[in-house]
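Descriptive analysis of the structure
The primary structure of each chain is shown beneath.
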Amino acid sequence: EVTLFSDSEYAVLGITERAYRWKQKEYEVGSGEKRPNYQLVDTCHRFYNEFKSTLKIEHVAAHSGFEGNEIADRMACLAIKTKANELIEFESTNVANILKLNADA
């Protein structure tokens, strides 16, 4: 079993619950426009559906000290600051040093 944690309640509920309804409406919102990021939500939902017997997706509060989420936040901010367009390997495996990075993008 694998548990995926996210601080985005929209993403967690969108992928695990709401996408079933959204898909029936072809991801359209009331105005006839497509829901934001519908292609990404659809891809993630299909993956979730295929593996949901062994995959849990759980919401965690942002900036609440959940170490994995704090590290992911720092890495995302670093990618924004460095304008990284490709996957790069971060040179430090020292969690304390990673958590010292500025969390503001």
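As shown above, the structure is provided for reference.
Here is a short report on the structure shown in this document. Note on numbering: residues in each chain are counted from 1, in written sequence order. Owing to the predicted nature of the model, reporting of local features is limited to residues with pLDDT of at least 70; listing and counting of side-chain atom pairs is limited to 80 or more, with chain, interface and lining totals taken over all residues. The side-chain values count all of the structure's non-hydrogen atoms but skip hydrogen atoms and water molecules.

A word on the packing of aromatic side chains. Two aromatic rings, drawn from Phe, Tyr or Trp (for Trp, its six-membered ring), form a pair once their centres lie within 6.5 Å of each other, and the interplanar angle then sorts them: stacked below 30 degrees, edge-to-face above 60, tilted otherwise. Under the counting rule described, the total for this entry stands at four aromatic pairs. Their ring planes at 35° and their centres at 6.1 Å tell us that Tyr27 and Tyr38 sit as a pair that is tilted. Within this pair, whereas Tyr27 is found in the loop between α1 (9-24) and α2 (38-51), its partner Tyr38 is found in helix α2, the two being separated by eleven residues in sequence. Owing to a relative accessible area of 5%, Tyr27 belongs among the buried residues under this scheme. Helix and strand labels come from DSSP, where a helix needs a run of H or I of at least four residues and a strand needs a run of E of at least two; each type is numbered from the N terminus. The classification of residues rests on relative accessible area computed with a 1.4 Å probe and restricted to protein chains. Under 20% of the type maximum is buried, over 50% is exposed, and intermediate values are partly exposed.

Take the packing of α1 against α2 next. Only the contacting stretch of a helix is used when fitting its axis, a line to C-alpha atoms as for every element, and angles between N-to-C directions run 0 to 180 degrees. With their axes 9 Å apart at the nearest point, α1 and α2 run at an angle of 115° to one another. Classified by the angle between their axes, α1 and α2 sit roughly perpendicular to one another. Considering how the two elements wind past one another, α1 and α2 form a crossing that is left-handed. Of α2, the residues touching α1 (which contributes Gly14, Ile15, Thr16, Ala19, Tyr20, Trp22 and Lys23) are Val41, Asp42, Cys44, His45, Arg46, Tyr48 and Asn49. The residue makeup of the contact of α1 with α2, split by class, is seven nonpolar, four polar and three charged. Here is the rule for angles: anything less than 35 degrees is roughly parallel, anything more than 145 is roughly antiparallel, 65 through 115 is roughly perpendicular, and the remaining ranges are oblique. In a left-handed crossing the near helix is turned counterclockwise from the far helix by less than a right angle, and in a right-handed crossing that turn is clockwise. For this analysis, residues touch if any pair of their heavy atoms sits within 4.5 Å. Residue polarity is assigned by list, with Asp, Glu, Lys and Arg as charged and Ala, Val, Leu, Ile, Met, Phe, Trp, Tyr, Cys and Pro as nonpolar; anything else, Gly included, falls into the polar class.

Here we come to the layout of surface pockets. A 1.4 Å probe that fits into a set of points on a 1 Å grid over the protein atoms alone but cannot get out defines a cavity; an open set with protein on both sides within 12 Å along at least five of seven lines defines a pocket, and lining residues are those with an atom within 4 Å of a point. Grid points are joined across faces, edges and corners, and a volume is the space filled by probe spheres set on the points. The space that makes up the largest pocket amounts to roughly 190 Å³. Around the largest pocket sit eleven residues that line it, and Met75, Leu78, Ala79, Ala84 and Ile88 are the ones nearest its centre. Its residues assigned to classes, the lining of the largest pocket shows seven nonpolar, two polar and two charged.

Moving on: the side chain of Arg35. As for its position among the elements, Arg35 is in the loop between α1 and α2. Despite its burial, Arg35 pairs with no opposite charge; the closest candidate is Glu28, at 10 Å N-O. When residues no more than four places from it in sequence are discounted, the contact partners of Arg35 are Tyr10, Trp22, Tyr27 and Val29. Note that His is not counted, nor are the chain ends; the positive residues are Lys and Arg, and the negative ones are Asp and Glu. What makes a salt bridge here is a side-chain nitrogen of Lys or Arg within 4 Å of a carboxyl oxygen of Asp or Glu, nothing more.

This paragraph deals with the pattern of salt bridges. Summed over all chains, the structure comprises four salt bridges. Here Glu58 and Lys56 are joined by a salt bridge, their closest N and O atoms 3.2 Å apart. Classification of Glu58 as partly exposed rests on a relative accessible area of 30%. Of the charged contacts in the structure, one is a salt bridge between Arg74 and Glu70, with a shortest N-O distance of 2.9 Å. Of this pair, Arg74 and Glu70 both sit in helix α3 (residues 67-82), four residues apart, roughly one helical turn.

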